[in-house]
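Chain and residue survey
Chain residues, written in single-letter form:
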Amino acid sequence: MAIILDGKKLRDKLLEELKLKIDRLSEKPCLAVILVGDDTPSRIYVNNKKRAAESLGIVSEVFEYPGNVAEEEIIKKIQELNADKSVNAILVQLPLPEHINSRRVINSISPEKDVDCFTDTNTGKLFAGQPPAVYPCTPKGILLLLDEYGIDLDGKHVVVVGRSNIVGKPMSMMALNRNATVTVCHSHTKNLAKITKTAEVLISAVGEVLIKEDMVVKGCIVIDVGISKNSVGKLCGDVDFNSVSKVASYISPVPGGVGPMTITSLMLNTYDLYCEQKKRSL
Ligand code: NAD
């Protein structure tokens, strides 16, 4: 039976340490979040982020806009937040409505306040092997979880399923920067199972139950990023947990694995941006 990569336990430990640091600050870090439209999952994610921030003493400001808002209005707000010295971190909750050019909006965030490493400037640094302002939250959370369990990626074959800008691409780059041999699979990949069976570490970020026992070799380390619902409407990941956990050596559950680590990274990143901005203003 696989060892569970417990994201909740690590979250509690890291956030307790972070709270002690924030308690010692006279001025508190501030995270600004932009939420557009009324997509229910986005609203839940934003509320969870706000709750986590407030429990740590991070100021969390949410700016809400209707789904038909003009792109320019959001960009104007971001420019105001960029100029506001009391705001340290800016996050635009994705997805944005179709009429809005998401890249343009994201690239209007000042790279120094880009808390999820989404701007082209920070992504470019990440791909060039240079440190960005902070690392993207979900891949960073995954690496923190692997580190906690002493799992070193150096020389390992890491297979990433999914190539989104949010998870798959930065994850593969960060694994490569840790000297892994990386294969990236996606919706056009032929014979996925043949590739996943060569993985020593399998990271799946798709959003449907896809990874079954016969796609994983014995001893594989399995990280499940996906969030979906099973046939009876229960929250689950990309991985068929019951069968895969019998062959994997380590496995992250859904819920309780990568999800709590993503929020933890967001909090750590907000604090790091705050510290960097304070240092620069001295
Ligand atoms: P996305 O929809 O942007 O990307 C999905 C990727 O899966 C695409 O690259 C696509 O090519 C690939 N894909 C689709 N079908 C496939 C198939 N049959 N075989 C192989 N690849 C296939 O999604 P995303 O933003 O990267 O998120 C992926 C999943 O991770 C979603 O379920 C999302 O909710 C979840 N997620 C979880 C967290 C967390 O903190 N736990 C954070 C971000 C995303």
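Described below are features of the structure shown in this document.

Examining the overall build of the protein chain
- Tallying secondary structure elements over the protein chain gives 10 helices and 11 strands in all.
- At 19 Å, the protein chain has a C-alpha radius of gyration in line with the 19 Å of a compact globule built from 282 residues.
- A principal-axis box enclosing the C-alpha atoms of the protein chain has dimensions of 50 × 45 × 40 Å.
- The buried share of the protein chain, reckoned over its 282 residues, is 49%.
- Across the protein chain, every contact between residues at least 6 apart in sequence was considered, and the portion connecting residues at least 24 apart equals 70%.
- Total accessible area on the protein chain is roughly 13500 Å²; 52% of this is exposed by carbon and sulfur atoms.
- For the protein chain, the distance from the average site of its 35 positive side-chain charges to the average site of its 34 negative ones is 2 Å.

Regarding the site of the ligand
- Near the ligand there are 19 residues, and of these R163, S164, S187, I227 and T262 occur at the shortest range.
- S164 places a polar side-chain atom, nitrogen or oxygen, 2.5 Å from an oxygen atom of the ligand.
- For the ligand, an oxygen atom lies 2.9 Å from a polar atom in the backbone of I227.
- Placement of the ligand is best described as lying within the largest pocket.
- A per-element tally of the shell around the ligand places helix α10 (residues 258-281) first, with 3 residues.

Here we look at the pattern of salt bridges
- By the definition in use, this model includes 14 salt bridges.
- E27 is paired through a salt bridge with K278; the nearest N and O atoms lie 3.1 Å apart. On the criterion of sequence distance, the pair formed by E27 in the loop between α1 (7-23) and β2 (30-36) and K278 in helix α10 is long-range, its members being 251 residues apart.
- What makes K278 partly exposed here is its relative accessible area of 27%.
- Ionic pairing is found between R280 and E276, a salt bridge with its closest N-O pair at 3.8 Å. Residue R280 and its partner E276 are both found in helix α10; the two are separated by 4 residues, about one turn of the helix.
- Here E276 falls in the partly exposed class, since its relative accessible area comes to 32%.

Considering the nonpolar core
- Grouped together as the largest cluster of nonpolar side chains are 26 residues, with contacts concentrated most on I142, L146, L153, V158, I203, I223 and V225.
- Of all the secondary structure elements, the ones that give two or more residues to this core are α1, α6 (137-148), β5 (157-161), α7 (168-177), β7 (201-204), β8 (221-224) and α10.
- With residues up to four places along the chain from it excluded, the contact list for V158 reads L153, A175, A180, T181, V182, T183, V201 and I203.
- Grouped together as the second largest cluster of nonpolar side chains are 24 residues, V33, V46, V134 and L273 included.

Remarks on the pairing of strand β3 (residues 59-65)
- For β2 and β3, the ladder comprises 7 bridges, and the chain directions are parallel. Looking at β3, one finds that V36 is bridged to Y65.
- Viewed along the sheet, the connection from β2 through helix α2 (residues 40-56) into β3 turns out right-handed.

Regarding the packing of α6 against α10
- For the pair α6 and α10, the least separation of the axes is 7 Å and the interaxial angle reads 105°. Between α6 and α10, the crossing angle belongs to the class labelled roughly perpendicular. Counting all contacts with α6, which are made through C137, T138, K140, G141, I142, L144 and L145, the residues of α10 involved are V258, M261, T262, S265, L266, L268, N269 and D272.
- Its residues assigned to classes, the contact of α6 with α10 comprises 8 nonpolar, 5 polar and 2 charged.

Considerations on the side chain of T138
- Along the polypeptide, T138 turns up in helix α6.
- In terms of polar contacts, T138 uses its side chain to reach the side chain of T262, at 3.2 Å.
- Setting aside chain neighbours within four positions, we find T138 in contact with V167, V225, V258 and T262.

So, empty space enclosed by the protein
- For the structure shown, the criterion picks out 1 cavity of 30 Å³ or more.
- Put simply, the largest cavity is a space of about 40 Å³.
- Lining the largest cavity are I90, L91, V92, I106, I109, D114, V115, D116 and F118.
- Here the lining of the largest cavity gets 3 residues from one element, more than from any other, and that element is strand β4 (residues 89-92).
- Here the residues of the lining of the largest cavity are counted per class, giving 7 nonpolar, no polar and 2 charged.

Calculation rules
Residues numbered from 1 in each chain as written. Predicted model: local features only at pLDDT ≥ 70, side-chain atom pairs only at ≥ 80, totals over all residues. Heavy atoms only, no water. Helix = DSSP H or I, 4+ residues; strand = E, 2+ residues; numbered from the N terminus. Rg over C-alpha atoms; globule rule 2.2 N^0.38 Å. Buried < 20%, exposed > 50% of the residue type's maximum accessible area, 1.4 Å probe, protein only. Contact = heavy atoms within 4.5 Å. Areas by Shrake-Rupley, 256 points an atom, 1.4 Å probe, with all protein chains shown as cover. Lys, Arg positive; Asp, Glu negative; His and termini not counted. Charge placed at Lys NZ, Arg CZ, Asp CG, Glu CD. Near = heavy atom within 4 Å. Polar contact = N/O pair within 3.5 Å; in protein donor to acceptor, adjacent residues only side chain to side chain. 1 Å grid on protein atoms, 1.4 Å probe; cavity = no way out; pocket = protein on both sides within 12 Å on 5 of 7 lines; lining within 4 Å. Sits in = over half its atoms within 2 Å of the grid points. Salt bridge = Lys/Arg side-chain N within 4 Å of Asp/Glu carboxyl O. Core = buried A, V, L, I, M, F, W, Y, C linked by side-chain atoms within 4.5 Å. Pairing = 2+ DSSP bridges. Right-handed = clockwise from strand over helix to strand, strands pointing away. Axes fitted to C-alpha atoms, helices over the stretch in contact; angles between N-to-C directions. Parallel < 35°, antiparallel > 145°, perpendicular 65-115°, else oblique. Nonpolar A, V, L, I, M, F, W, Y, C, P; charged D, E, K, R; others polar. Points joined across faces, edges and corners; volume = space filled by probe spheres on them.

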